[in-house]
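The chain contents come next:
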There are 2 protein chains.
Amino acid sequence: MEQTERLARLDALQKKLYAYACAENSLYLDAVTVAPKNTAEGRGVALGILAGEHQKLLTDPETKRLLDELAAASGSLDALHKREVELLRRESGKLARIPADEYMAYTELTNRASDVWHKAKENDDFASFCPVLQELVDYNRKFAGYYDAAKAPYDALLNEYERGVDTRQLDAFFETLRDGIVPLVRAISEKPPVDDRFLHLEYPVERQKAFADYIMEVMGIDRGHCGLGETEHPFTLEFNNKDVRITTHYDLHNVASSMYSVLHEGGHALYELGIRDDLQYTCLAGGVSMGVHESQSRFYENLIGRSRAFLEAIYPRVQAFFPEQLGGVSAEQFYRAVNKVEPSLIRTESDELTYCLHIMVRYEIEKQLIGGTLRAEEVPAEWARLYREYLGVEVPNDREGCLQDSHWSGGSFGYFPSYALGNAYGAQMLRRMEQAFDVFGQVAKGDLSGVTGWLREHVHQYGQLLEPADVVRNACGTLDPQVYLDYLTRKYTELYAL
Amino acid sequence: MEQTERLARLDALQKKLYAYACAENSLYLDAVTVAPKNTAEGRGVALGILAGEHQKLLTDPETKRLLDELAAASGSLDALHKREVELLRRESGKLARIPADEYMAYTELTNRASDVWHKAKENDDFASFCPVLQELVDYNRKFAGYYDAAKAPYDALLNEYERGVDTRQLDAFFETLRDGIVPLVRAISEKPPVDDRFLHLEYPVERQKAFADYIMEVMGIDRGHCGLGETEHPFTLEFNNKDVRITTHYDLHNVASSMYSVLHEGGHALYELGIRDDLQYTCLAGGVSMGVHESQSRFYENLIGRSRAFLEAIYPRVQAFFPEQLGGVSAEQFYRAVNKVEPSLIRTESDELTYCLHIMVRYEIEKQLIGGTLRAEEVPAEWARLYREYLGVEVPNDREGCLQDSHWSGGSFGYFPSYALGNAYGAQMLRRMEQAFDVFGQVAKGDLSGVTGWLREHVHQYGQLLEPADVVRNACGTLDPQVYLDYLTRKYTELYAL
């Protein structure tokens, strides 16, 4: 086969993978937004077939031959094609190593597990989820070997979400954070609590919707390319760099909930919207890793969105949206309220300072589960022990304890650390950015274009052209938790006059 | 290959076709409901690939071999498999006869034509659409030969939308209708006009939405399996018999617009929801033809929805939804207003009596275009001439004339007659139904379960298991325009005291 013909086939292969991904995305989006409630069965049939075709295409012997031939002649490939072949071979090889029957059984298990978990959470009934959790753990321990037999199982799983990261690195990373954050939280607990009751007055949903539009406008998100929908759990979904959707959830008695979820998902969206055109419809489109993605969402949510400069800039407009609720509240009071520190039970509702402690609990438990030193039935006790130790709170039940997150029921072990890594990457990026220009001088004028421009140049544009570790290194050097810790220490020492 | 293995492959083939159809439906639904406005390009790439895969699967030599082998051994097939093989071979054979380059060029043309038509309509600029229309006509004349070389081109096209119907039959059908309807319309035009101004007061959209929910409830549509959305042009879209979506459009100053579009699309939905479970995920799922589908939608919209019995039954609730607008209006006044006859320019806004005249104009023009006796540039003059002759109205411009419908720009020639056939089938079904039970006695109690039950038993359940002509024959005998004409004559003679 001619090289030109091979490249045409490579292009066609990736366009097909793109089309399948679009189809799956679209059906998923429909399912969580407008689909009538009793329609899951037929959609499941379609999604199962599309996922199967998707996988078949990647593991097809003809695909493998094409990729091998291209790899053999990789000297003559340009950088994009070379990277495409590298990523596709990695993915195809991984899928090929998983025996088809195990893959199918696991897919069936995760579908079932999701139902079991939903019910278990609703009924605060860990016992019903426990055997399924152990099954999920066992499959993941086995699959870890297919992903990378040379690594310890949990390292192999971590690598799936944040390539290049391992337990050795994360142990040190989390230890530094824990040693810095826990004393801060203790010190704050001795201070008088911040009054944030005005955030919990009645905020009519229609006004909140208009406010969400305003937040997207401030972020500079082009609504012609980015939709805003409504779902129980906010998320971001990308079709390509010209078509991204974010969702939020409006809580009548919590104006900060939707505001910060829009800032968070908007950060994810800006990443996807900022990826280069020439990577579209190839496997290089899309954000490079969970950690880097979270660095972007949490950059807008916390580093910018919870900064004094940003809040002072937008506050007159915030008051104009909610004159009755916030007319008598100052920008400084608002700033303090949205930065209130309060050790709590639920990760997704936690403040910026304690957030990483929630992640550490999960990291410790996952490490032991996948390492084989903890059984599923021991999880609730271990969860309670760690929440007591790290956050100083007592876990009253499993619903607000180890059943709160969906990740494990979906088969994701090794995903949680990405959230903490994202926080740390973001702080390092901010430090670099501040060396380049007066970040908060611009933000104080309500102008985020410099921030987004910098992130686009140093992070967004590359998509998956580089490895996550290289994206991070180019943007802000090697991972160093001290930078994030310094940021937190400075911010909260000032806020709480520690 | 064993027959068992062949049947398993037949099943897998159809499930794949179903999955592709779901994917295309989902992307389309997204496009017309929530997708941001500048996202068409990437969706077009995905849809193009999915349509190509869909077509490739049907025309694949392996598919052909499988279907041929099954057909050869059809004696051993059960009725369902036999019919599946018959329909798939028909479709696959047809696609295989269209040269791939012509198919691609035509797909490209229809995409382009849709844009050109939209702009031409907006600017009332037939000249810009004219050459594209002629191209579309020329392709359809050629494709007609691929569909069925033994038939005259327009007959071959008609057959695509309503298998078994031809020009000879339709000429007689429309002549009977025209000879009966035109004098009725003339007689009505000499009567004092009905006052329907109260239908055009301000009807708040939120109330209309609640009213639409009520209409669906009266129709007995299970909302767990049928969604109601909002689009510029109402439509029905089915994923399977447990997942159907309808849409409507709310006009602030026309309460009847959304009410009757919900009754219409709800009729389509009940058809899809009533198809047998054992036909799902096969090519036998889905309504059998455009004509039969329209017979169901127009059954609920007109035969039931515009009947005195139905309106009297629901009118207290209608008034309760809109007390300010309708408090002083009687059920009889409402009945007369929604049945007001008024020859007009726009098909989709026309009344029940003149509707078929709009169809006849299009039928006459299509017949000549595809027959080669009329050129695209002659369409506006012919349109004006026929509207004057059939409806007695002057066409002031092409926007409200031959540019009003999207069908031709989408490449659909031979589709329009289905609407008229649907009206006629419906009237025949109603007559049969009345022989079986007291239809309007039940309807007068607001109970449509008998109606839907009868239609489900005689029409819905079969999906595409039978040919459209057989569905019609079983349900109500052979096509006979006189039944529909009798219905119209009786209704409007009474209404207008002719």
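Please read these numbers as outputs of a predicted model, since none were measured by experiment.

Undergrad: Any chance you could break down the relation of the copies chain B and chain A for me, citing the residues and the numbers?
TA: Overlay of chain B on chain A (RMSD 0.0 Å): rotation 180°, translation along the axis 0.0 Å. This pairing of chains is accounted for by a two-fold axis. It is Ala23(B) whose C-alpha, among those of chain B, lies nearest the rotation axis, at 2.5 Å. Interface overlap between copies is the fraction of interface residues in one copy that are interface residues in the other; for chain B against chain A it reaches 100%, indicating a shared surface.

Undergrad: Give me the pattern of salt bridges: which residues, what numbers.
TA: All names here are of chain A. Within the structure shown, the criterion is met by 88 salt bridges over all chains. Of the charged contacts, one joins aspartate 30 and arginine 43 as a salt bridge, the two residues approaching to 3.8 Å between their closest N and O atoms. Placement of the pair is aspartate 30 in helix 1 (residues 3-33) and arginine 43 in helix 2 (residues 40-59), with a sequence separation of 13 residues. Per residue, the accessibility class of aspartate 30 equals that of arginine 43, and both read buried. Between arginine 83 and glutamate 86 there is a salt bridge; the shortest N-O distance is 3.5 Å. In this pair, arginine 83 and glutamate 86 are both assigned in helix 4 (residues 79-97), three residues apart and thus about one turn of the helix distant. Judged by relative accessible area, glutamate 86 falls into the partly exposed class, the value being 40%. Shared partners join several salt bridges into a network, and the residues in it are Arg83, Glu86, Arg90, Arg163 and Glu467.

Undergrad: Lay out the sheet that holds strand 2 (residues 236-240) of chain A in plain terms, naming residues and giving numbers.
TA: All names here are of chain A. A sheet is described by the order of its strands in space; here three strands give the open sequence 1-3-2, paired in mixed fashion. Where the open sheet ends on each side, the last strands, each with one partner, are strand 1 (226-230) and strand 2. Taking each pair of neighbouring strands and ignoring which way they run, the sheet shows an average axis angle of 20°. Pairing of strand 1 with strand 3 (residues 243-248), which is carried by five bridges, proceeds in the parallel orientation. Within strand 3, the position partnered with glutamate 230 by the bridge is threonine 248. On the sheet, helix 9 (residues 205-218) packs against strand 1 and strand 3 and is oriented at approximately 150° with respect to strand 1.

Undergrad: Tell me about the domain arrangement of chain A, and name the residues and values.
TA: Residue and element names in this part refer to chain A. When cut into domains, chain A gives domain 1 (3-148) and domain 2 (167-496). The gap between the C-alpha centroids of domain 1 and domain 2 is 27 Å. Between domain 1 and domain 2, the residue contacts involve 36 residues of the former and 41 residues of the latter. When domain 1 packs against domain 2, the two sides together hide about 3,300 Å² of surface, and 67% of this comes from carbon and sulfur. Inspection of the region where domain 1 meets domain 2 yields two salt bridges. At the boundary of domain 1 and domain 2, one finds 17 residue pairs in polar contact (both at pLDDT 80 or more). Split by residue class, the side of domain 1 that touches domain 2 holds 18 nonpolar, eight polar and ten charged.

Undergrad: An account of unusual backbone geometry is requested, with residue identities and associated values reported.
TA: Phi is positive for Asp124(A), close to 50°, though the residue is something other than glycine. Within the secondary structure, Asp124(A) is located in the loop between helix 5 (100-122) and helix 6 (126-147). A positive phi angle is found at Ala497(B), which is not glycine, with a value near 50°. If you trace the backbone, Ala497(B) turns up in the segment after helix 21 (481-496). Note on Ala497(B): relative accessible area 53%, which makes it exposed.

Undergrad: Break down the pairing of strand 3 (residues 243-248) of chain B for me, with residues and values.
TA: Residue and element names in this part refer to chain B. Extensive coverage of strand 3 is indicated by the burial of six of its six residues. Because side chains alternate across strand 3, one face comprises the buried residues Asp243, Arg245 and Thr247, and the other comprises Val244, Ile246 and Thr248, equally buried. In this structure, strand 2 (residues 236-240) lies alongside strand 3, joined through four bridges in antiparallel fashion. When the bridges of strand 3 are listed, threonine 236 appears paired with isoleucine 246. Between the antiparallel neighbours strand 2 and strand 3 lie two residues.

Undergrad: Got a sec to walk through the interface of chain B and chain A? Specific residues and values, please.
TA: The partner chain A presents 38 residues to the 38 residues of chain B that form the contact. Buried surface at the junction of chain B and chain A, summed over both partners, amounts to about 2,600 Å²; 62% is from carbon and sulfur atoms. At the junction of chain B with chain A, the criterion picks out six salt bridges. Between Arg43(B) and Asp243(A) there is a salt bridge; the shortest N-O distance is 3.7 Å.

Undergrad: Just give me the short version of the sheet that holds strand 3 of chain B, but keep the residues and values in it.
TA: Residue and element names in this part refer to chain B. Sheet architecture is open: three strands sit in the order 1-3-2, paired in mixed fashion. One side of each edge strand has no neighbouring strand; the edge strands of this open sheet are strand 1 (226-230) and strand 2. The average undirected angle you get between the axes of adjacent strands in this sheet is 20°. Lying on the sheet, helix 10 (residues 255-273) is in contact with strand 1, strand 2 and strand 3; it crosses strand 3 at an angle near 165°.

Undergrad: Quick rundown of the packing of helix 2 of chain A against helix 4 of chain A? Include the residues and the values.
TA: Residues and elements named next belong to chain A. One can describe the packing of helix 2 onto helix 4 by two numbers: an axis separation of 8 Å at closest approach and a directional angle of 110°. Viewed along their axes, helix 2 and helix 4 adopt a mutual orientation that is roughly perpendicular. Contacts between helix 2 and helix 4 pair Gln55, Leu58 and Thr59 from the former with Leu88, Glu91, Ser92, Leu95 and Ala96 from the latter. For the contact of helix 2 with helix 4, the residue count by class is four nonpolar, three polar and one charged.

Undergrad: Describe the packing of aromatic side chains, naming the residues involved and giving the relevant values.
TA: For the structure on display, the rule yields 54 aromatic pairs over all chains. Plain terms: the ring middles of Tyr355(A) and Tyr419(A) are 6.2 Å apart, the flat faces sit at 75° to each other, and that makes the pair edge-to-face. One end of the pair, Tyr355(A), is in helix 15 (residues 355-371); the other, Tyr419(A), is in helix 17 (residues 417-436), with 64 residues separating them in the sequence. Look at Trp408(B) and Phe413(B): their rings are 6.0 Å apart centre to centre, the planes differ by 5°, and that puts the pair in the stacked class. The buried category is assigned to Trp408(B), whose relative accessible area is 5%. Sitting above the plane of the Tyr260(A) ring, Arg306(A) keeps its charged end 3.8 Å from the centroid.

What counts and how
Residues numbered from 1 in each chain as written. Chains lettered and ligands numbered in written order. Predicted model: local features only at pLDDT ≥ 70, side-chain atom pairs only at ≥ 80, totals over all residues. Heavy atoms only, no water. Least-squares fit on C-alpha atoms with pLDDT ≥ 70 in both. Contact = heavy atoms within 4.5 Å. Salt bridge = Lys/Arg side-chain N within 4 Å of Asp/Glu carboxyl O. Helix = DSSP H or I, 4+ residues; strand = E, 2+ residues; numbered from the N terminus. Buried < 20%, exposed > 50% of the residue type's maximum accessible area, 1.4 Å probe, protein only. Pairing = 2+ DSSP bridges. Axes fitted to C-alpha atoms, helices over the stretch in contact; angles between N-to-C directions. Domains from an automatic or database assignment. Buried area = accessible area lost by both parts, 1.4 Å probe. Polar contact = N/O pair within 3.5 Å; in protein donor to acceptor, adjacent residues only side chain to side chain. Nonpolar A, V, L, I, M, F, W, Y, C, P; charged D, E, K, R; others polar. Parallel < 35°, antiparallel > 145°, perpendicular 65-115°, else oblique. Phe/Tyr/Trp six-rings, centres within 6.5 Å; stacked < 30°, edge-to-face > 60°. Lys NZ or Arg CZ within 6 Å of the ring centre and 35° of its normal.

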